[in-house]
Amino acid sequence: MILRCRLCHAAIAAFDPADLRPPLLGAMFGPLEPGFPPPFDPEAAFEHARCPYCRHHPQGYDPAGRESLETDAGEWSIPAAKRRRQEGN
């Protein structure tokens, strides 16, 4: 799946949805094509990730967007966030 920046809509990283579990880390996101460097510092928390095009956080700044990612397949809910909503927390 391709991560897109919610603000500028650029394709910025590849990821496997099965590998994403909070807390999100830069290492969970890889380059769009083999042979390129990863888009984010692999050891950094995702809160420190920045879109390489617009330099904003890929999820944007609206608190409602913290529970999902913008992808090439549309909006994708982060699994733990989805469970919290279902449990009413």
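Residues numbered from 1 in each chain as written. Predicted model: local features only at pLDDT ≥ 70, side-chain atom pairs only at ≥ 80, totals over all residues. Heavy atoms only, no water.

Description of the nonpolar core
Step number 1: Counting 16 residues, the largest nonpolar core has L3, F29, F40, F46 and L69 as the members making the most contacts within it.
Step number 2: Apart from residues lying up to four places away in sequence, L3 is in contact with A10, A11, I12, A13, F15, F29, F40, F46, P58, L69 and E70. (Core = buried A, V, L, I, M, F, W, Y, C linked by side-chain atoms within 4.5 Å. Buried < 20%, exposed > 50% of the residue type's maximum accessible area, 1.4 Å probe, protein only. Contact = heavy atoms within 4.5 Å.)

Overview of the sheet that holds strand β3 (residues 68–71)
Step number 1: Read across the sheet, four strands follow the order β2-β1-β3-β4 without closing on themselves; strand pairing throughout is antiparallel. What marks the edges here is a single partner per strand, and that holds for β2 (11–14) and β4 (74–77). In this sheet, neighbouring strand axes are inclined to one another by 45° on average, regardless of whether the strands run parallel or antiparallel.
Step number 2: Strand direction decides the pairing type here: strand β1 (residues 2–4) and β3, joined by two bridges, are antiparallel. (Pairing = 2+ DSSP bridges. Helix = DSSP H or I, 4+ residues; strand = E, 2+ residues; numbered from the N terminus. Axes fitted to C-alpha atoms, helices over the stretch in contact; angles between N-to-C directions.)

Concerning the environment of P31
Step number 1: Here P31 shows up in the loop between β2 and β3.
Step number 2: What makes P31 partly exposed here is its relative accessible area of 28%.
Step number 3: For the pair P31 and I12, spaced 19 residues apart in sequence, the C-alpha to C-alpha distance is 7.6 Å.

Description of the layout of surface pockets
Step number 1: The computed volume of the second largest pocket comes to approximately 160 Å³.
Step number 2: If you go around the second largest pocket, the residues you meet are A11, I12, P31, L32, E33, F36, P37, P38, P39, P52 and Y53.
Step number 3: For the lining of the second largest pocket, the residue count by class is ten nonpolar, no polar and one charged. (1 Å grid on protein atoms, 1.4 Å probe; cavity = no way out; pocket = protein on both sides within 12 Å on 5 of 7 lines; lining within 4 Å. Points joined across faces, edges and corners; volume = space filled by probe spheres on them. Nonpolar A, V, L, I, M, F, W, Y, C, P; charged D, E, K, R; others polar.)

Let's talk about unusual backbone geometry
Step number 1: The omega angle of the peptide bond from P22 to P23 is 0°, so this bond is cis rather than trans.
Step number 2: Its identity as a non-glycine residue notwithstanding, H9 has a phi of 70°, on the positive side.
Step number 3: Here H9 is to be found in the loop between β1 and β2.
Step number 4: We classify H9 as partly exposed; its relative accessible area is 48%.
Step number 5: At R55, a position not held by glycine, the phi torsion is positive, near 70°.

Overview of the pairing of β4
Step number 1: Note: β3 against β4, four bridges, orientation antiparallel. Bridging from a neighbouring strand, T71 pairs with G74 of β4.
Step number 2: In this antiparallel pair of consecutive strands, β3 and β4, the connection spans two residues.

Geometric descriptors of this kind do not, in isolation, establish any biological role.
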